[in-house]
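# Remarks on the overall topology
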Amino acid sequence: MAVKHPLNIVKMKKMKEEGTALSMVTAYDYPTARLAEEAGVDMILVGDSLGNVVLGYDSTLPVTIDDMVYHTRSVVRGAGNTFVVADLPFMTYHGSIDETLRNVRRLMQEGHAHAVKMEGGKEISAAVETIVAAGVPVLGHIGLTPQSVNQIGGYRIQGKDEKDAQRLLEDAKALEKAGAFGVVLELVTEQVAAYITSQLSIPTIGIGAGRGVDGQVLVFHDIFQYASPYRAKKFVKTFGDAGTMIREGLAQYVKEVKERSFPDESHVFTADDHVVDNLYGRGREKVNNA
């Protein structure tokens, strides 16, 4: 397998200029990250979506900075030659700038991330600018922002009217001006996402934002239906049904254990006859001398 060299933000911008699409996928642990790197993905996102798909929460809101540091560190160990972005979780960048920078420092120094991702537009642009000035690459995230799901009224498609489209464009430009190296557009209408993409010099990465963006990101567990029960999503394509395969495999394992057909002779280790004789012999002597 050829050695993979990680991207950097300069290369990403050049890919946008050349029309080369960026591929991004989420990962939350070492084996998934390793498989993603071997498959050739450009970037890995350690998303706070781990709250939904790994930790069993109903939303991303309970995810802590400790959770993100732990999972980011695991991912980086598995994908040492891939650009890894880690989410700043809910309310870790809305207080003082000192508190924000402490949380960023933890993701970078303890988690070994290459960049952080932040949800929001104009309202977080000052924080983005400060983080970038500190030497940390920032990926923006607008459109449907799961950390604000209670404020925006649920998981709604963004950019369906002119006012909303204008707001999204202004947010994207504010993030670009603040120094973000790219912007995630989530659940944004295709026409609006394409227009925003054309107005920015930095890459856009879509999730449910159509075909006119500079790259795509999907949640690993959605790509492989790795959930129970799995809820189909319009913007997701299934590339492999891992959930069914795992469920059926486990059911077969349980069946064979109950039937005592596993393990069979091919799965066991045997000792030399003299070892068994000596063990049993000593056992008999102890019994006879008792």
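Below is a short write-up of the structure. For clarity, every value in this text was computed on a predicted model and none was experimentally measured.

## Looking at the overall build of the chain
A count of helices and strands for the chain gives twelve helices and eight strands. Over its C-alpha trace the chain gives a radius of gyration of 25 Å, far above what one expects of a compact globule, namely 19 Å for 290 residues. With the C-alpha coordinates of the chain rotated into their principal frame, the extents come out at 90 × 40 × 40 Å. Per-residue burial for the chain yields a buried fraction of 44% across its 290 residues. Long-range pairs, those at least 24 residues apart, make up 57% of the contacts in the chain with a sequence separation of at least 6. By element, 54% of the accessible surface of the chain is carried by carbon and sulfur atoms, the whole surface being about 16,100 Å². One way to put it: in the chain the 31 positive side-chain charges average out to a point 2 Å from where the 37 negative ones average out.

## What about the layout of surface pockets?
The space that makes up the largest pocket amounts to roughly 1,000 Å³. Around the largest pocket, the lining is made up of 34 residues, and of these Asn 52, Val 53, Asp 222, Arg 231 and Lys 233 lie nearest the centre. Elements with a contribution of two residues or more to the lining of the largest pocket: helix H3 (50-53), strand E4 (115-119), strand E6 (182-186) and helix H10 (220-223). Per-class residue counts for the lining of the largest pocket are 17 nonpolar, eight polar and nine charged. As a volume, the second largest pocket reaches approximately 720 Å³. Taken together, 28 residues form the lining of the second largest pocket, with Gln 216, Val 217, Leu 218, Phe 235 and Lys 237 sitting closest to its centre. Tallied by class, residues from the lining of the second largest pocket come to 18 nonpolar, six polar and four charged.

## A word on the packing of aromatic side chains
Applying the stated criterion across every chain yields a total of three aromatic pairs. Where Phe 83 meets Phe 181, the ring centres are 5.8 Å apart and the plane angle is 80°; that geometry is what we call edge-to-face. A residue pair is termed long-range when its members are at least 10 positions apart, and Phe 83 in strand E3 (residues 83-87) and Phe 181 in the loop between helix H8 (162-178) and E6 qualify at 98 residues. Residue classification places Phe 83 among the buried positions, given a relative accessible area of 6%. The class of Phe 181 is buried, set by a relative accessible area of 8%.

## Let's talk about the pairing of E6
Counting buried positions over the five residues of E6 gives five, a clear majority of the element. Residues Gly 182, Val 184 and Glu 186 point to one face of E6 and Val 183 and Leu 185 to the other, with burial holding for every one of them. With five bridges joining them, strand E5 (residues 138-143) and E6 adopt parallel strand pairing. Paired with Gly 143 across the strands is Glu 186, a residue of E6. Where E6 lies against strand E7 (residues 204-207), four bridges are found, and the strand directions are parallel. Residue pairing in the sheet places Leu 185 in a bridge with Gly 206 of E7.

## Brief notes about the pattern of salt bridges
Overall, the coordinates contain 13 salt bridges when judged by the stated rule. Asp 66 serves as the salt-bridge partner of Arg 106, at 2.7 Å between the closest nitrogen and oxygen. On the criterion of sequence distance, the pair formed by Arg 106 in helix H5 (residues 97-110) and Asp 66 in helix H4 (residues 65-78) is long-range, its members being 40 residues apart. A salt bridge links Arg 167 to Asp 171; the shortest N-O distance between them is 3.6 Å. Taken together, the residues Arg 167 and Asp 171, both in helix H8 and four residues apart, mark about one turn of the helix. The class of Arg 167 is partly exposed, set by a relative accessible area of 30%. Residue classification places Asp 171 among the buried positions, given a relative accessible area of 7%.

## A look at the nonpolar core
The biggest cluster of nonpolar side chains holds 70 residues, and the ones touching the most others in it are Ile 44, Met 118 and Leu 185. When residues of this core are assigned to their parent elements, the largest contribution, six residues, is made by H8. Those residues within four positions of Met 118 in sequence are excluded, and the remaining contacts are Leu 88, Tyr 93, Ile 124, Ala 127, Val 128, Ile 131, Val 138, Leu 139, Gly 140 and His 141.

About the cut-offs
Residues numbered from 1 in each chain as written. Predicted model: local features only at pLDDT ≥ 70, side-chain atom pairs only at ≥ 80, totals over all residues. Heavy atoms only, no water. Helix = DSSP H or I, 4+ residues; strand = E, 2+ residues; numbered from the N terminus. Rg over C-alpha atoms; globule rule 2.2 N^0.38 Å. Buried < 20%, exposed > 50% of the residue type's maximum accessible area, 1.4 Å probe, protein only. Contact = heavy atoms within 4.5 Å. Areas by Shrake-Rupley, 256 points an atom, 1.4 Å probe, with all protein chains shown as cover. Lys, Arg positive; Asp, Glu negative; His and termini not counted. Charge placed at Lys NZ, Arg CZ, Asp CG, Glu CD. 1 Å grid on protein atoms, 1.4 Å probe; cavity = no way out; pocket = protein on both sides within 12 Å on 5 of 7 lines; lining within 4 Å. Points joined across faces, edges and corners; volume = space filled by probe spheres on them. Nonpolar A, V, L, I, M, F, W, Y, C, P; charged D, E, K, R; others polar. Phe/Tyr/Trp six-rings, centres within 6.5 Å; stacked < 30°, edge-to-face > 60°. Pairing = 2+ DSSP bridges. Salt bridge = Lys/Arg side-chain N within 4 Å of Asp/Glu carboxyl O. Core = buried A, V, L, I, M, F, W, Y, C linked by side-chain atoms within 4.5 Å.

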